[in-house]
Amino acid sequence: MKSVVFFVHGIGRHGENWSTAPDGPVTALDKAMKRYTCFEGKPLSEFVDIVEVRYDDLFDLVLDNWEKLADSLGPVAGNIPWVAKVTSLLDDVGGNKNRFADFGGDVLLYRGFDLVARAVRLRVAAMIAGEVFRRNVAAQGEGLSGTLPKVVIVGHSMGTAVVRDALWAIVSASFPGDKATLKEKLPEEKWLVDLGMLSEEQAQKFAVMEGTASASQSSPLPFFVDRLMMLANTIPLISCASGDYLTAKFQNDFQCKSITNVKHELDPVCRVKPFEMPNHPDAVEISIEHLHDRNVHGFAHYLSHPSVHANLFRAAINEFKLKDLAEARKLATQSEWNGIGGKLAELVDAKKAELRNRLQGLMGEGDLLKLAQVFKGLQGLKNGGVA
Amino acid sequence: MSKGTASAIVKAWLAALWLAISSLGIASASEQLCEKDLAPGAAFTRSALIDLVHEDFAIGRLDLVRDKLYRAYDASLTNAERLRPEVDIFLLRLKRAYESVPQQWTLQRVQRPEGAEALFSADAANRRVVFNCLELGDSRPEEYLQNMVSIAFLMQKILLPRWNVEDKKRFDLLSARLKNHEDLLKNGLPMWPWELWLNGKRLGENDTSALPGTQIIVMRPSVGLEINTRSREKADLEGSLLVEPIGMIWYRKPDFSDWIGVSALVTSSTRQGMGYGVLVRYGRYTAGLTRHKSDRGGDDTYLTVSFDLYDLIEKKRETFSADRDRLKSSAKELFNKLP
């Protein structure tokens, strides 16, 4: 069975099929795969199941509500000055959602409002757990032959924190004592079908199997991930789960089997509050410093680097063998992947220096406010470029 | 040579080849160890192992399945192999297989040491079976290791049905809670930022805990109409700004689409000045009584009515102003027609 690779986005608005957009992670990986003969020119989707995870619509839902509330007061809001100010602010925020998101507004919503954060965590958790469950049901259908799919998750920027928190929500899911209320609210078999997770036939088979099973759950279930990749890690600043999935164990085994943290030397986002590698036997940090795009923080920009995509290919694709890994290692030592290249290759020296200076200017440790300043600075670079 | 004889020879040759491959135990392409097809001994190919355990598996006797696999593997070991640390780890895992989950029996490519593969996830003491594929070069891991991996692959599938039953409950729970949260944000009484913050603080630590069936109202502004109950000629249907300093609503449906509630109320209108009172909420509609200072001395009681206009906005944001004016004039007309 194919491995399943989840992509979890960072701040900003991500429509359907965002992962295959020109600046999306799948596009970057497809491009990178052309460098390796083992893939025979085939795209990523030929080798793994791709699942893009979206949660930004929940932020929009909240912003929409605020905008509507502000609008509903109309001119009488002016009767009380503070109400007038608040409504004006909310109206402005709701009307400029993309701008709000680009400047790190999503981070504020996630960190500042527990209800929103929980909805986001549950969305990501249900999606990851559901997709894996669906594949496990299919694997069960194969009988005693075959093996289970590998699970690889790639989070970017804010997505690193969201996915860590969501994985904690999965492994800490606790239901004894709440089964009665749950049953009332949940038409048992229909759920999986309604959510598109199982076909009617699969659901029926499952119901039969469930009826004959005698196991009973009394403690939280584990959830094993084969590789968790974190690009431009924001966990120290944004994560707000009550526990740490990265070091969570089941019967002494680490549930996160291996961890890869990737930081870009010139990406200020992962410098605001640097991530400390957990005490884990298979945790590795990759440091890169190539400059192929003005947006050094971009998901695709990270994955374009041979050291990064080779790590992902190695974890998820059997066809990517040790000789291919060696090829990627060799590629990574070339000057193109240690300095200016790609779109930026044509910049004159003065512009290179200016870009470096502006990025250096954004460096520095700090708090959420500093992170917001960094996002704003990056947005300026992305939109305006180097003068 | 006749056509029939040639065909028979080809068939016999293919059958012999198949037998030879089967006896070598070459597995399917997806079952690999150190980038080469898994090649366990004849007694540990997938089909041989299935033959060994399928009857016990069919009746759900996982304890018997485990015992058979344990005994078969143990019996296949030489004295030297039995002393290997990885065999010790594996046998211990196999002994406790009944308590494990399928995902613990997978083989994955690890990052440390580079180029290695490992059976089981590491524990704090890093006790797992590691295959250093780089060191092996072109040679295959020894047969007792191939047998070990073959059993591990089968164990994934043996444990899977029981695991899926449990996992479904978890998935149901996560999905139900997700739906609850999305329903609250979509269908519930919309919260101003400070209300959203405050109500978020009431959540339990666990993300899968049930949502509270109540919602705190605090400093909530809205628009309403105030009607002087003593003096109809003083009736003023200008909109007033209502502020609920504190209140509570109780949700009446699991999808958070219906509620009742009660709040303290302060109103501010240009003509009557400040008023204070109580407001009750029934779904989207609210009604309350407020007291204002009267021109004639003492206090006048006002009836306050309102409904949540954001519903209208959702439907027709562009025509909202016109709708609101039309609604207001209709209410005025209706009031004037009253005897």
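Computed from a predicted model, the values in this text were never measured in an experiment.

1. Some points on the overall build of chain B
Thinking step 1. The number of helices and strands found in chain B is 10 helices and 11 strands.
Thinking step 2. Here chain B, with 339 residues, has 50% of them falling under the buried criterion.
Thinking step 3. Considering only contacts within chain B whose residues lie at least 6 apart along the sequence, 52% involve residues at least 24 apart.
Thinking step 4. Split by element, the accessible area of chain B, about 16300 Å² in all, is 59% carbon and sulfur.

2. A word on the interface of chain B and chain A
Thinking step 1. At the junction of the two partners, chain B supplies 97 residues and chain A supplies 106 residues.
Thinking step 2. Across the interface of chain B and chain A, roughly 9200 Å² is buried in total on both sides, 62% from carbon and sulfur atoms.
Thinking step 3. Sorting the residues of chain B by area buried against chain A places Arg109, Gln111 and Phe171 of chain B first, and these three jointly supply 9% of that buried surface.
Thinking step 4. Where chain B packs against chain A, one counts 8 salt bridges.
Thinking step 5. A salt bridge links Arg118 of chain A to Asp207 of chain B; the shortest N-O distance between them is 3.5 Å.

3. Description of the packing of helix α2 (residues 46-58) of chain B against helix α7 (residues 143-187) of chain B
Residues and elements named next belong to chain B.
Thinking step 1. α7 packs onto α2 with a crossing angle of 30 degrees between their chain directions and a minimal axis gap of 11 Å. Of the possible angle classes, the one that applies to α2 and α7 is roughly parallel. The hand of the α2/α7 crossing is right-handed. Facing α2, whose interface residues are Arg46, Leu49, Ile50, Val53 and Phe57, α7 presents Ser150, Ile151, Phe153, Leu154, Lys157, Ile158 and Pro161.

4. What to know about the packing of aromatic side chains
Thinking step 1. Under the defined criterion, the tally for this structure stands at 21 aromatic pairs over all chains.
Thinking step 2. Taken together, a centroid distance of 5.4 Å and an interplanar angle of 80 degrees make the contact between Tyr36 of chain A and Phe320 of chain A edge-to-face. Of the two residues, Tyr36 of chain A is situated in the loop between α1 (25-33) and β2 (48-53) and Phe320 of chain A in the loop between α13 (306-316) and α14 (322-332); the sequence distance between them amounts to 284 residues.
Thinking step 3. Given the relative accessible area of 2%, Tyr36 of chain A is considered buried.
Thinking step 4. Given the relative accessible area of 0%, Phe320 of chain A is considered buried.
Thinking step 5. Ring plane angle 80 degrees and centroid distance 5.8 Å describe the contact between Tyr251 of chain B and Trp259 of chain B, whose orientation is recorded as edge-to-face.
Thinking step 6. Through successive ring pairs, a cluster of aromatic residues spans Tyr36, Phe39, Phe47, Phe313 and Phe320 of chain A.
Thinking step 7. The ring of Phe120 of chain B has Arg93 of chain B lying over it, and the distance from NZ or CZ to the ring centre is 4.4 Å.

5. Some thoughts on the state of the cysteines
A disulfide bridge is the covalent bond that connects two cysteines by way of their sulfur atoms.
Thinking step 1. If you walk through the whole model with that rule in mind, you get 1 disulfide over all chains.
Thinking step 2. In this model Cys34 of chain B forms its disulfide with Cys133 of chain B; the gap between the sulfur atoms is 2.1 Å. The S-S bond linking Cys34 of chain B to Cys133 of chain B shows a torsion near -70 degrees; that makes this disulfide left-handed. One end of the pair, Cys34 of chain B, is in the loop between β1 (32-33) and β2 (36-37); the other, Cys133 of chain B, is in helix α6 (residues 133-136), and 99 residues separate them in sequence. By the burial criterion, Cys34 of chain B is buried, and Cys133 of chain B matches it.
Thinking step 3. This cysteine, Cys240 of chain A, is not joined by any disulfide, and Cys256 of chain A carries the nearest cysteine sulfur, 18 Å off.
Thinking step 4. The class of Cys240 of chain A is partly exposed, set by a relative accessible area of 25%.
Thinking step 5. The closest cysteine sulfur to the non-disulfide-bonded Cys270 of chain A is located on Cys256 of chain A, 19 Å from its own sulfur.

6. Some remarks on helix α3 (residues 62-76) of chain B
An α-helical segment advances 3.6 residues per turn. Residues three or four places apart therefore align on the same side.
Residues and elements named next belong to chain B.
Thinking step 1. The terminal C-alpha atoms of α3 lie 21 Å apart, and with 15 residues this matches the ideal 21 Å at 1.5 Å per residue to within 8%.
Thinking step 2. Listed in full, the buried residues belonging to α3 are Leu62, Val65, Leu69 and Tyr73. In a view along the axis of α3, the buried residues occupy a sector of 55 degrees, so they form one face of it. Opposite the buried face of α3, at more than 90 degrees from it, the exposed residues are Arg71 and Ala75.
Thinking step 3. For α3, the secondary structure elements touched by its buried residues are α2, α5 (85-95) and α7.

7. Concerning the sheet that holds strand β5 (residues 129-131) of chain B
All names here are of chain B.
Thinking step 1. Taken together, the 3 strands give an open sheet; going across it, the order is β3-β4-β5, and neighbouring strands pair in antiparallel fashion. Only two strands of the sheet have a single neighbouring strand rather than two, namely β3 (107-109) and β5. Strand after strand, the sheet turns through a mean of 25 degrees between neighbouring axes, direction not considered.
Thinking step 2. Where β3 lies against strand β4 (residues 117-119), 3 bridges are found, and the strand directions are antiparallel. Residue pairing in the sheet places Arg109 in a bridge with Glu117 of β4.

8. Some points on the pairing of strand β4 (residues 227-231) of chain A
All names here are of chain A.
Thinking step 1. Most of β4 is tucked away: 5 of the 5 residues are buried.
Thinking step 2. Side-chain alternation along β4 places Arg227, Met229 and Leu231 on one buried face and Leu228 and Met230 on a second face that is also buried.
Thinking step 3. For strand β3 (residues 151-156) and β4, the ladder comprises 5 bridges, and the chain directions are parallel. By the bridge assignment, Val152 is partnered in β4 with Arg227.
Thinking step 4. Pairing geometry for β4 and strand β7 (residues 259-264), over 4 bridges, is parallel. Directly across from Leu231, in β7, lies its bridge partner Val262.

9. A word on the sheet that holds β4 of chain A
All names here are of chain A.
Thinking step 1. In space, the 6 strands of this open sheet follow the order β2-β1-β3-β4-β7-β8, with parallel pairing throughout. One side of each edge strand has no neighbouring strand; the edge strands of this open sheet are β2 and β8 (283-288). Across the sheet, the mean angle separating the axes of adjacent strands is 15 degrees when strand polarity is ignored.

10. What to know about the packing of α1 of chain A against α13 of chain A
Residue and element names in this part refer to chain A.
Thinking step 1. Close contact between α1 and α13 brings their axes to 11 Å; oriented N to C, the two are set at 90 degrees. As judged from the angle between their axes, α1 and α13 are roughly perpendicular. Facing α1, whose interface residues are Leu29, Ala32 and Met33, α13 presents His309, Leu312 and Phe313.
Thinking step 2. Here the residues of the contact of α1 with α13 are counted per class, giving 5 nonpolar, 1 polar and no charged.

11. Here's the deal with the pairing of strand β9 (residues 273-282) of chain B
Residue and element names in this part refer to chain B.
Thinking step 1. Note that β9 and strand β10 (residues 285-293) share 8 bridges and pair antiparallel. Across the sheet, Val278 pairs through a bridge with Leu289, a residue of β10.
Thinking step 2. What sits between β9 and β10 in their antiparallel hairpin is a turn of 2 residues, with Gly283 showing a positive phi close to 60 degrees.

12. So, a nonpolar patch on the surface
Residues and elements named next belong to chain B.
Thinking step 1. Side chains of Trp250, Ile260, Val262, Val278, Val280 and Tyr282 sit close together on the surface and give an oily, nonpolar patch of about 540 Å² of accessible area.
Thinking step 2. In terms of residues, the nonpolar patch owes the most to one element, β9, which gives 3 residues.
Thinking step 3. One can find Trp250 in strand β7 (residues 239-251).
Thinking step 4. The class of Trp250 is partly exposed, set by a relative accessible area of 40%.

Rules behind the numbers
Residues numbered from 1 in each chain as written. Chains lettered and ligands numbered in written order. Predicted model: local features only at pLDDT ≥ 70, side-chain atom pairs only at ≥ 80, totals over all residues. Heavy atoms only, no water. Helix = DSSP H or I, 4+ residues; strand = E, 2+ residues; numbered from the N terminus. Buried < 20%, exposed > 50% of the residue type's maximum accessible area, 1.4 Å probe, protein only. Contact = heavy atoms within 4.5 Å. Areas by Shrake-Rupley, 256 points an atom, 1.4 Å probe, with all protein chains shown as cover. Buried area = accessible area lost by both parts, 1.4 Å probe. Salt bridge = Lys/Arg side-chain N within 4 Å of Asp/Glu carboxyl O. Axes fitted to C-alpha atoms, helices over the stretch in contact; angles between N-to-C directions. Parallel < 35°, antiparallel > 145°, perpendicular 65-115°, else oblique. Left-handed = near helix turned anticlockwise from the far one by under 90°. Phe/Tyr/Trp six-rings, centres within 6.5 Å; stacked < 30°, edge-to-face > 60°. Lys NZ or Arg CZ within 6 Å of the ring centre and 35° of its normal. Disulfide = S-S within 2.5 Å. Expected span 1.5 Å × (residues − 1). Arc of directions from axis to C-beta. Pairing = 2+ DSSP bridges. Nonpolar A, V, L, I, M, F, W, Y, C, P; charged D, E, K, R; others polar. Patch = residues over 30% accessible without salt bridge, like charges linked within 9 Å, V, L, I, M, F, W, Y side chains within 5 Å.

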